[in-house]
Amino acid sequence: MENDNEEIEVNEITNQPVESEEDTTTRNNEVLTKYQEAGKIANAVVKLLADMCLPDVSVLDICKAGDNLIEQKLSLIYRNKGKNGKLVDKGISFPVCISVNEIVCHYSPLDSDTTVVILKGGDIVKIDLGVHIDGYIAVVAHTVVVDKTPEPLSTLTDKHINIINAAYKASEIAVRLIKPGNTNQMVTDALTTVSRLYNVQAISGTLMHQMKRYVIDGNKMIQLRSNEDTDKKIDTCTFEQYEVYAVDVAFSTGEGKPKDKGIRTTVHKRVLDKKYSLKVKTSRSFYSEINKRFPTFPFSLRYISDEKSARLGVRECVAHELLLPYPILSEREGEIVVHFKFTVLCLPNGPIKLTGLTIVDTASQIDTVNKIVNDSVVLPQELLDVLAVEIGSKKKKNAAKKKAASQADSEVVKQET
């Protein structure tokens, strides 16, 4: 006989009933499919945004186009109600950020900003974004060089080629090392070797996180830079089957110790375990909107309906640790920062690289892809062996469908810009 008084476990983030036997790992085929679909959208959007990185284009316009592309693509899938009778939750898991040259990350300007970066030929552009379907996250970042049109890019020096090579190969090595039985220290040691051989510096403070449903920064972490003093101790951990990780590699030609140079922070994330009674009415209204719309994922102040109130309300929320800011950090002017981020599924037969473009995907924006792929730095044999390992990839789509989808996406970009 059914007990009417039986307590039902409710997800505190989505406020939806939790099935007691629910498997939220990639062992579950439904979960795996959601990760894959989120990954497809993330990859498609980052590629379209890379194509938009041309001289005289505003970074704000690229960010807004990316936001709209993600939302539009998500609107076309999972349109029916789930088993619980509700529509599947889906959206942006990390706001579109376009960071240029010495700016490392998190540059996501507001409509009201008067000093928005305008791209010029030779700029190094880092594109960073995230997508989720039902809380299952796919993040991606890619670096492109703005071409000088109509002439081929002439500002791509050996210094550019060296650091692009270093960061990309380090990322690919990290992907292959995230397999059951390996440890986070193995990844850190390998990336340290790569940065040393290429004579570049890993960005201080960069951590790669395990990701779970609605959790973009899980407790298992990988340190990018070894032998680094940090406020938070990084415990050694072993990768296990069906886990998901973000491989996040950022290298610099400078010291690798970026600083806050006063550019306004616009990206924040709600701190789940903090409580405080806000005193200012504007702050309460702003925080109420955050709780409803962005209870767990990072967001940009650009997403808030009343931007002026958001800029006022965020101050009190940050001051009392209700929101975690993602500061905009910069290296010394003139230095080059390169950033790649992949989503990796740790499956029984090895890793699958769910997101991430290759150098060839944006080769039209690089003077010569051969210099990028075939550089002169010789890696140790053990790392060459790691790079030689074939990893899982998604099946190729029908070429006609792919072409049609690309044309449709281009029309969307035109409309947004």
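Scroll up to find the structure.
Please read all numbers here as calculations on a predicted model, not as lab measurements.

Undergrad: Sorry, what's going on with the packing of aromatic side chains here?
TA: Per the stated rule, a full pass over the model turns up 8 aromatic pairs. Taking the centre distance of 5.1 Å and the plane angle of 15 degrees together, the rings of Phe294 and Phe299 count as stacked. Of the residues examined, Phe294 reaches a relative accessible area of 11% and is grouped as buried. Look at Phe299 and you get buried, because its relative accessible area is 0%. Over the ring of Phe342 we find Lys353, and its NZ or CZ is 4.0 Å from the ring centre.

Undergrad: When you look at the sheet that holds strand β10 (residues 299–300) in this model, what are you seeing that I'm missing?
TA: The strands that make up a sheet pair up through hydrogen bonds in the backbone, lying either parallel or antiparallel. Here 3 strands make up an open sheet; going across it, the order is β10-β9-β11 and the pairing antiparallel. The open sheet terminates on both sides in strands that have one partner only, identified here as β10 and β11 (323–325). Both strand β9 (residues 267–270) and β11 contribute to a ladder of 3 bridges, which runs antiparallel. Residue Arg270 lies in a different strand from β11, and its bridge partner there is Leu323. Helix α6 (residues 307–319) contacts β9 and β11 of the sheet and is inclined by roughly 100 degrees relative to β11.

Undergrad: Whenever I open this one, the nonpolar core confuses me. Can you help?
TA: General note: in soluble globular proteins, nonpolar side chains tend to be found buried as a group. Grouped together as the largest cluster of nonpolar side chains are 74 residues, with contacts concentrated most on Leu49, Val125, Ile127, Leu129, Phe286 and Phe299. In terms of residues, this core owes the most to one element, helix α1 (residues 29–52), which gives 12 residues. Here Leu129 is in contact with Ala42, Val45, Val46, Leu49, Ile70, Phe94, Pro95, Val96, Ala138, Val139 and Val140, once residues within four sequence places are set aside. Grouped together as the second largest cluster of nonpolar side chains are 41 residues, Tyr168, Ile178, Leu191 and Phe251 included.

Undergrad: Just checking my understanding: could you explain helix α4 (residues 184–197) for this structure?
TA: For the α-helix, the turn length of 3.6 residues means that residues three or four positions removed from each other point alike. The first and last C-alpha atoms of α4 sit 20 Å apart over 14 residues, in line with the 20 Å expected at 1.5 Å per residue. Residues of α4 that are buried include every one of Asn184, Val187, Thr188, Ala190, Leu191, Thr193, Val194 and Ser195, and no others. Along its buried surface, α4 packs onto α3 (158–177), β5 (207–211), β6 (221–223), β7 (243–252) and α8 (381–387).

Undergrad: Please explain helix α5 (residues 281–293) as it appears in this structure.
TA: An ideal rise of 1.5 Å per residue puts 18 Å on 13 residues; α5 measures up with 19 Å between its terminal C-alpha atoms. Every buried residue belonging to α5 is among Ser283, Phe286, Tyr287, Glu289 and Ile290, and all of these are buried. Buried residues of α5, seen end-on, are gathered within an arc of 155 degrees and therefore sit on one face of the element. Of the exposed residues in α5, the ones pointing more than 90 degrees away from its buried face are Lys281, Ser285 and Lys292. Turning to α5, the residues buried within the fold contact β9, β10, α6 and β11.

Definitions and cut-offs
- Residues numbered from 1 in each chain as written.
- Predicted model: local features only at pLDDT ≥ 70, side-chain atom pairs only at ≥ 80, totals over all residues.
- Heavy atoms only, no water.
- Phe/Tyr/Trp six-rings, centres within 6.5 Å; stacked < 30°, edge-to-face > 60°.
- Buried < 20%, exposed > 50% of the residue type's maximum accessible area, 1.4 Å probe, protein only.
- Lys NZ or Arg CZ within 6 Å of the ring centre and 35° of its normal.
- Pairing = 2+ DSSP bridges.
- Helix = DSSP H or I, 4+ residues; strand = E, 2+ residues; numbered from the N terminus.
- Contact = heavy atoms within 4.5 Å.
- Axes fitted to C-alpha atoms, helices over the stretch in contact; angles between N-to-C directions.
- Core = buried A, V, L, I, M, F, W, Y, C linked by side-chain atoms within 4.5 Å.
- Expected span 1.5 Å × (residues − 1).
- Arc of directions from axis to C-beta.

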